[in-house]
Amino acid sequence: MRAFNFSAGPAAMPLEVLELAAQEMTNWHDCGMGVMEMSHRGREFISIYEQTHQDLKDLLAVPDHFKILFMQGGGIAENAVVPMNLSRGGSVDFVISGSWSQKSFVEAQKYCQVQAAASAESDGFHHLPEPSTWRLNPQASYVHLCTNETIHGVECHDIPDLKALGVDTPLVIDFSSHVLAHPVDWRRVGLAFAGAQKNIGPAGLTLVIVREDLLGQALAICPSAFNYALVAKHDSMFNTPPTYSIYMAGLVMQWLKRQTEDDLSGVLAIQARNQKKAQLLYNAIDQSSFYENRVAKSSRSVMNVPFYLHDESLNERFLQGAKAAGLLQLKGHKSVGGMRASIYNAMPLEGVQALVSFMQEFERTAA
Ligand SMILES: *Cc1c(COP(=O)(O)O)cnc(C)c1O
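Because the structure is a prediction, the values reported are computed rather than measured.

How each quantity is defined
Residues numbered from 1 in each chain as written. Predicted model: local features only at pLDDT ≥ 70, side-chain atom pairs only at ≥ 80, totals over all residues. Heavy atoms only, no water. Near = heavy atom within 4 Å. Polar contact = N/O pair within 3.5 Å; in protein donor to acceptor, adjacent residues only side chain to side chain. Areas by Shrake-Rupley, 256 points an atom, 1.4 Å probe, with all protein chains shown as cover. Helix = DSSP H or I, 4+ residues; strand = E, 2+ residues; numbered from the N terminus. Domains from an automatic or database assignment. Contact = heavy atoms within 4.5 Å. Buried area = accessible area lost by both parts, 1.4 Å probe. Salt bridge = Lys/Arg side-chain N within 4 Å of Asp/Glu carboxyl O. Nonpolar A, V, L, I, M, F, W, Y, C, P; charged D, E, K, R; others polar.

Undergrad: In this structure, what is going on with the site of the ligand? I would like to understand it.
TA: Taken together, Gly74, Gly75, Ile76, Trp100, Cys146, Asn148, Thr150, Asp174, Ser176, Ser177, Gln197 and Lys198 form the complete shell of residues around the ligand. A distance of 2.4 Å separates an oxygen atom of the ligand from a polar atom in the side chain of Thr150. Between Gln197 and the ligand, the recorded distance is 2.8 Å, taken from a side-chain N or O atom to an oxygen atom. Contact with the protein chains hides 86% of the accessible area of the ligand, taken as 390 Å² for the molecule alone. Element by element, the count of residues in the shell around the ligand is highest for helix α3 (residues 74-86), at 3 residues.

Undergrad: Even after reading the chapter, I still don't get the domain arrangement of the protein chain, so can you show me in this structure?
TA: When the parts of a complex come together, some accessible area is lost, and that lost area is often taken as the interface size. The domain architecture assigned to the protein chain consists of domain 1 (16-256) and domain 2 (261-366). Here the C-alpha centroids of domain 1 and domain 2 sit 26 Å apart. Every contact between the two is made by 24 residues of domain 1 and, on the other side, 24 residues of domain 2. Where domain 1 abuts domain 2, roughly 1900 Å² becomes buried across the two surfaces, and 58% of that area is made up of carbon and sulfur atoms. Linking domain 1 with domain 2 are 0 salt bridges, by the criterion used here. For the interface between domain 1 and domain 2, the tally reads 11 residue pairs in polar contact (both at pLDDT 80 or more). Secondary structure elements with two or more residues in the side of domain 1 that touches domain 2: β7 (154-155) and α6 (243-258). Along the lines of polarity and charge, the residues of the side of domain 1 that touches domain 2 split into 10 nonpolar, 12 polar and 2 charged.

Dropping the structure here:
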């Protein structure tokens, strides 16, 4: 039996997608070969790439003046690739709202000057610093913001308008762990990047969506395979792209397009469902004196819900009981401890209901 998998990433995939991929594994659409055996320049794979590209563009309503790039290296490579492409060797502002943005801040220092425009470290990363308090440098090449801090469970629910904050600087967002969970206001974004393994598909694919006017200013040391302008010029085929991961991402896009909820479809449907899932889990935590979530309510992530048992000596028993009940990978990140339920797009409402029932039963019997 398949369990409910709460992994933070690589994370659960929709069952329908896995089953279709299994059917098509050895012989895609009767062409006589499987997708991972195809030339990336052949007619078959080009059709998969074009469909995936179009579906992603439609689902996220990406405007025509943005390029969608399918790259490799993951989010962590982007911590270097973004400054190599966009910093122009100048200074970059960072909003430090958790472990991921902190990592990005440290890595960028190899390529440019960095400034922390805001930091929530002194508060243990339990809230997103209010945009009106960010100390923005008007000369900065860009501002980096991680819009969902996967480890701390802190989410930016409304992308700030930097112009309204007094600077005309591109905003770079790391949206790895909530991409495709809600619409994006592209008027406020210069570049968005995401590793695929949370909400898009298998690890190995990295998505970059970048405004065209930001291309062509890479540092001389930037490797060609990571130069956005070159990758864009070659439609993500400057080198061999992660073909199988792109195919799987394509199946996920098709699945997303089929989703409906409360008369909504596609990304809006998944957003509505995600909100129901998160509300159910946060309510259960807040209403109990046995569990707690420490994130400020307005900054709580819809995708990653870290929580603690007040009696931490029960942690192991909780995890073992959960596993026996078919609820997997609930252990919190080692840097923060406790538990974490990642409830990405592929997690059905039933999975969260099963988790909440287990939590209530555990509370009742553990005391
Ligand atoms: C998972 C994740 C990444 C990607 O990390 P890789 O291991 O390099 O794929 C980057 N940023 C955030 C916010 C993440 O959650």
